[in-house]
Structures are given as structure tokens and as C-alpha cells.
Amino acid sequence: MIYQIAITIAGLTMATAATAADSSAASVLSFDMTAGVERTLTVSGVEVKYLAFEGLTYVKNPLEPKYQQLNVYIPKAYAENKTQGRYKADTAPIFLPNHVGGYMPALPKAPGLGRDQQPDAMSVALSEGLVVISPGTRGRTLQDQSGKFTGKAPAAIVDLKAVVRYLKFNDQRMPGTAERIISNGTSAGGALSALLGASGDAPEYLPYLEKLGAAPGSDAIYAVSSYCPITNLEHADLAYEWMFHSIHEATRPKRSGGPAFGPAPANGPMGAKSEQDRPRRPAGAPMFNTGPMSPEQIKVSALLAAGFPAYLNSLQLTWQGQPLQLDAKGSGTFRNYLQQQLEKSAERAKQDGQNVSSVSWLSVGSQGFKADWDRYIAATGRLKKAPAFDSLDLSSGENSLFGDNSTDTRHFTEWGHAHHTGPAEKPEKLAPANVVSMMNPMNFIGNPKANSAVHWRIRHGTADNDTALAVPAILALKLENSGKQVDFALPFGQAHGGDYDLPELFDWIAKLP
Ligand code: DHB
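Residues numbered from 1 in each chain as written. Predicted model: local features only at pLDDT ≥ 70, side-chain atom pairs only at ≥ 80, totals over all residues. Heavy atoms only, no water.

Caption draft 1: Local environment of the site of the ligand. The environment of the ligand is made up of 13 residues, and the closest members are G102, S187, K384, E398 and D466. In this structure, an oxygen atom belonging to the ligand sits 3.1 Å away from a main-chain N or O atom of A188. With the chains in place, 99% of the 290 Å² that the ligand exposes on its own is no longer accessible. Grouping the amino acids of the shell around the ligand by side-chain chemistry returns 6 nonpolar, 4 polar and 3 charged. (Near = heavy atom within 4 Å. Polar contact = N/O pair within 3.5 Å; in protein donor to acceptor, adjacent residues only side chain to side chain. Areas by Shrake-Rupley, 256 points an atom, 1.4 Å probe, with all protein chains shown as cover. Nonpolar A, V, L, I, M, F, W, Y, C, P; charged D, E, K, R; others polar.)

Caption draft 2: The arrangement of the packing of aromatic side chains in detail. One pass over the structure, following the stated rule, counts 17 aromatic pairs. On the numbers, 5.8 Å between centres and 45° between planes, the contact of W361 with F492 is tilted. Within this pair, whereas W361 is found in the loop between α7 (333-351) and β13 (362-365), its partner F492 is found in the loop between β16 (485-489) and α13 (502-510), the two being separated by 131 residues in sequence. We note that W361, like F492, is buried. (Phe/Tyr/Trp six-rings, centres within 6.5 Å; stacked < 30°, edge-to-face > 60°. Helix = DSSP H or I, 4+ residues; strand = E, 2+ residues; numbered from the N terminus. Buried < 20%, exposed > 50% of the residue type's maximum accessible area, 1.4 Å probe, protein only.)

Caption draft 3: Representation of the pairing of strand β5 (residues 94-97) in the model. Side chains I94 and L96 of β5 all project onto a buried face; the interleaved residues F95 and P97 project onto the opposite face, where all are buried too. Alignment of β5 against strand β6 (residues 131-135), held across 2 bridges, turns out to be parallel. In the sheet register, I94 faces β6, and the bridge partner there is V131. Looking at chain direction, β5 and strand β7 (residues 181-186) are connected through 4 bridges and run parallel. For L96, the partnering residue across the bridge sits in β7 and is S183. (Pairing = 2+ DSSP bridges.)

Caption draft 4: Quick look at the pattern of salt bridges. Counted according to the given criterion, the structure contains 18 salt bridges. Residues E38 and K76 are paired through a salt bridge, measuring 3.1 Å at the closest nitrogen-oxygen approach. Of the two residues, E38 is situated in strand β2 (residues 37-43) and K76 in the loop between β4 (69-75) and β5; the sequence distance between them amounts to 38 residues. Classification of K76 as buried rests on a relative accessible area of 14%. Among the salt bridges present, the one from D466 reaches R281, with a minimum N-O distance of 2.9 Å. Residue D466 is found in the loop between β15 (455-459) and α12 (470-481), and its partner R281 is found in the loop between β9 (249-250) and β10 (291-292); the two are separated by 185 residues along the sequence. (Salt bridge = Lys/Arg side-chain N within 4 Å of Asp/Glu carboxyl O.)

Caption draft 5: A look at helix α8 (residues 373-380). Within α8 the residues assigned to the buried category are W373, Y376, I377, A379 and T380. Projected onto a plane normal to the axis of α8, the buried residues spread over an arc of 165° and lie on a single side. Those residues of α8 that are exposed and aimed more than 90 degrees away from the buried face are D374, R375 and A378. Considering only its buried residues, α8 is in contact with α5 (233-244), α7 and β14 (368-371). Two to three positions downstream of the cap, the backbone nitrogen of D374 sits 3.1 Å from a side-chain oxygen, assigning the N-cap of α8 to D372. At the C-terminal side of α8, G381 shows a positive phi close to 70°. (Arc of directions from axis to C-beta. Contact = heavy atoms within 4.5 Å.)

Caption draft 6: Examining α12 more closely. Across its 12 residues, α12 extends 16 Å between first and last C-alpha, which sits within 8% of the 16 Å expected from 1.5 Å per residue. Where burial is concerned, most of α12 is hidden: 9 out of the 12 residues are buried. All buried positions along α12 are accounted for by A470, V471, P472, A473, I474, L475, A476, L477 and L479. Of the residues trailing α12, G483 is marked for its positive phi of about 90°. (Expected span 1.5 Å × (residues − 1).)

Caption draft 7: Layout of the packing of α5 against α8. The interhelical angle for the contact between α5 and α8, taken along N-to-C directions, is 110°, at an axis separation of 9 Å. One element, α5, and the other, α8, form an angle in the roughly perpendicular class. Residues W242, M243 and F244 of α5 form the contact with α8, whose participating residues are W373, Y376, I377 and T380. (Axes fitted to C-alpha atoms, helices over the stretch in contact; angles between N-to-C directions. Parallel < 35°, antiparallel > 145°, perpendicular 65-115°, else oblique.)

Caption draft 8: Inspection of the confidence of the model for the chain at higher detail. In this model, the chain carries a mean pLDDT of 92, and residues with pLDDT of at least 70 account for 91%. This stretch, residues 8-23, has a pLDDT under 50; its non-local contacts, to residues over four places away or in other chains, come to 29 contacts. The low-confidence segment residues 262-272, where pLDDT is below 50, has 21 contacts with residues more than four positions distant or belonging to other chains. (pLDDT = per-residue confidence, 0-100.)

Caption draft 9: Quick look at the environment of G365. Here G365 shows up in strand β13. Residues G365 and N170, 195 residues apart in the sequence, show an inter-C-alpha distance of 56 Å.

Caption draft 10: Local environment of the pairing of β16. In this sheet, β16 lies alongside β15 in parallel orientation, the contact comprising 5 bridges. Of the residues in β16, the one forming a bridge with H455 is Q485. You can see the chain leave β15, run along α12 and come back into β16, and the turn it takes is right-handed. (Right-handed = clockwise from strand over helix to strand, strands pointing away.)

Caption draft 11: Just the nonpolar core, in detail. Core analysis: the biggest nonpolar cluster contains 146 residues, and I133, F308, F334 and F402 have the highest contact counts within it. Residue contributions to this core peak at 10 residues, all from helix α2 (residues 155-169). Beyond its immediate stretch of four places on either side in the chain, F308 contacts L238, A239, W242, L326, F334, A470 and I474. (Core = buried A, V, L, I, M, F, W, Y, C linked by side-chain atoms within 4.5 Å.)

Caption draft 12: Fine view of unusual backbone geometry. Note the cis peptide between A153 and P154, where omega equals 5°. Within the secondary structure layout, P154 lies in the loop between β6 and α2. The omega torsion of the bond from A386 to P387 falls at -10°, within 30 degrees of zero and hence cis. The residue P387 is located in the loop between α8 and α9 (397-401) in this model. Positioned with a positive phi, S44 is a non-glycine residue whose angle comes to about 50°. For Q320, which is not glycine, the phi torsion reads 50° and is therefore positive.

Caption draft 13: Spotlight on the side chain of S183. Within the secondary structure, S183 is located in strand β7. Exposure remark for S183: the relative accessible area of 1% places this residue in the buried category. Of the polar contacts made by the side chain of S183, one reaches the side chain of S193; its length is 2.4 Å. Residues contacting S183, with those up to four places away along its chain left out, are L96, S193, L196, I221, A223, V224 and S225.

In C-alpha cells form, the structure reads like this:
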């Protein structure tokens, strides 16, 4: 299904019953349901009236007032005691998409058209009857007037937690139920979405939330949608080289349905589109140097690749009761599991009418599709040189994420720190382990100190090489192994991106218990 949209602004201020002013010190954070402005959008020919509340500060002491703000969008039906989609005011879930790319700062957004000129996730969510919250968040490049950095880790996740607390604090004042918050994000935003879901109520964030004057209460959420999460950063270099160590040249980012997948199919979702017309990289996604790797980088690649099996085995993951392991050479049941996921992806694509016959890494056996791992790696190629994340010269976005108030970039792995190369001198210290840990959802799954979300939807396209496919797979498996409900899939031919399957996303949301 393709959604279509039109938005008009009626400029009408809604006058509904005001909630009595909250007497607590946090009353400056009280949501005012009378302050909405009526707007209309049309999705798939159906008009949706909604109320917009924009630029609401979600902490008492914002450090970056322009960013620590959120927009609220509420189907107007809920101010009139009517239903929208399958929900009413007290049952509507709250959709919380973050807009983070590249771990950069993000401003709140309004519903509108997405990159492909189709209604974006916020518009579709409203039409489906969800309350929509669009948060701004601090990011790694923000500086105050004195030049102090204000958005280094863990700023963005602390901001998202403050937003969740704001929603819970205002649950009685605002339509929608804060018991049903569903977060969404892509790439760095997908990582933050997963982190928000995994780390609910974890105590290590409390001092940060208190300092900002976040509303009191819980920051646990109900469900997570995460597209191509750039996550588990401490181990992402190992995983990347485990997959791509045989490739010694970094190539341009792929677009969905790109050359690695043979000629664009004549029909289906990516049918007959030229390279130019295919979806571009998400906003904020960094670009990388292409070209051959140096002999030194090739050595680094082999060393990192050799470190991955020990990490993977330490997780003791299982799938359908079978242990997932890797031998010292990097083969084993974990790799077989990934191959099976690739085969499932092709099967689904075929059922959806995509032409999968010209894909180099697929063959048809008696049991259905067979994926050839080495050919898959060759077809996918590497986007980043080794190390992909903790750059030895401190040049990556992730190095910049892990700076602090006065330091722009730092290493965040012992390995990267130990192997530091110029141009700058080796810094004395790497990022503190507790800060690095606060950015990794893996540390909170199955951890009794965290209230992790129960429902998860994780997507990583088969053509995505911004991070190793192993990274989201490990996340999904760890969640599943700790009893969470996980819908994990690899959209076929999909490169780095998100929100490309909104009908399926909202169908998943509609079916949540
Ligand atoms: C994103 C992409 C990357 O390759 C990365 O290292 C960090 C973030 C992104 O698209 O957000």
C-alpha cells in the first residue's frame, strides 16, 4: 500500500477543559491540552484532523533549549471522545520516533512527507490513531557559547528518557496511554530506539536525569522499532572485520536494490528505478573514504576478525534450542544462522513478487534458497576501512560521540586506544567504561536492574554494510533468549535506511497485545 498525504493548517486553537495546574515542583512540565492548533492531513485519501502542540520543553533545566523540546500531535477525535482507527483517547498507543542520524543533534519535526515524497511515519501513525511525539535530542557536535561540548554520550539517550518521563508524568493530561509507548528510529536513531527500550529505569542514568530536571517517574517503554541500529559499538569493529576481512577495498554506500543485487527488477517495491531514483542514505548518515585499504589496515582487519568468535561465544546465544557458536576460523552455527536469515529474506522477497533470480549469492536447492556466505560478503562489500568504528586516528563519528565536555573525540575500545595512530598524539585516556556501557543496549537485556521493553521489531537490509549484519542479529538473539517478543528480519536488497515498510510497521503495532 502507498500512502498519500496533504496537510492544511486551520489555525484553530482548541478549547478543551484545562487540567487543574499541577501543584508539584514539576508543574512547568505539565502538558496543556487547551493549547493545541488544529491541522489536517490526508493519508491515502482519508482526511485526519489533529491537534499540534509544538516546542514544549521536556526538562526543567535544559542545557540546549532548542533541542530539548518536543512536539505533540494528537488525533482531534480524542478531544471529542471519538475513535480514530482502532483506538480511543485512553487506549491509543504513543508513537515516539527519534530523528537522530549519525549521532548528531536532532530537532523535533512535524508530520509531513518522507524522503520519497510519501507520508512519513508520523503522518501514518496519526492516521492510524496513534498519538505522536517528535522529540529533539542533543547530539555529538553541539557546543555552547564557550565552546563546551553539550551533546556527547550519554546526552541523546538521557534526553529520550526525559521525554518518556514527560509522557508518563502527563499521562492523565494527554490523550494516549503512556503504558504503550513505541519508540522508532533508524541507524544511530535505531540504536537509540533499542537502547531506550533495553535500558528502562536503569539507575546509571538517574544523576543525568536529575541534573536536567526531568519529570519524576519511570522511563521504561512498551515496544521498540529499530531500523539498522548502529549499536554495540564496543564490539562492532570485531563483527565488521569478521564479516568483511576478505574485502580490502571500501566502496561507495549502496542504494536499495543496487548493483550487488543484479539488475533492478522490473516490478516489485524497488522495480525499474534508476540508481538516482533509489532511496538515499538517511539524514545524518556519514560518508566514508572509498578506495583500497593500506597494508596496515589489512593487518588490523585480520586481528579484529580473529577477536570476534570469542566475543560471540561469550554471549552463549541459542536459536531454537541450539547453541550459536563460532570456531577460531570464524565458521559455525552462528554463521549458519545468518545464512538461514538471508535465505528467509529471499523467500519472503520472492513471495512479495520480487525477482531474486539474478542475485549472485543465492541458489535454489531442493529445500528452497541456499545462501553462499562468501558470495554474500563479496556482493555486499565493505563501506568502511578497518577499524570501522573506533578509528585509530579518532576520525569516526563514534569517536566524536564518546568525547566529553572539553574533548571532541576519544577512543572507546581498549584495542583502539592501544593502537592509536596520528595525526593527533595518543590521548592519555579512553572514554570511561561506564559511559560507553550506557550507550549499549546489550548491557541491559536480561539485567534485573533494567525494565526492558517486551516487544521488539528489528530490521537490517541485506544490502546494508554500515555495520555488520551480526550486530543486529546478536541484539535480536539476546532479546529472544531473555524472553522478549522479537520480530527480526532482513529486508531483501534493502540498503542502509528505515521507515521503508510503514504498512508492515503499523500492522505490527496494531497486533501488539
Ligand atoms: C550512521 C551511519 C553510520 O555508518 C555510522 O557509523 C553511524 C551512524 C547513521 O546513519 O545514523
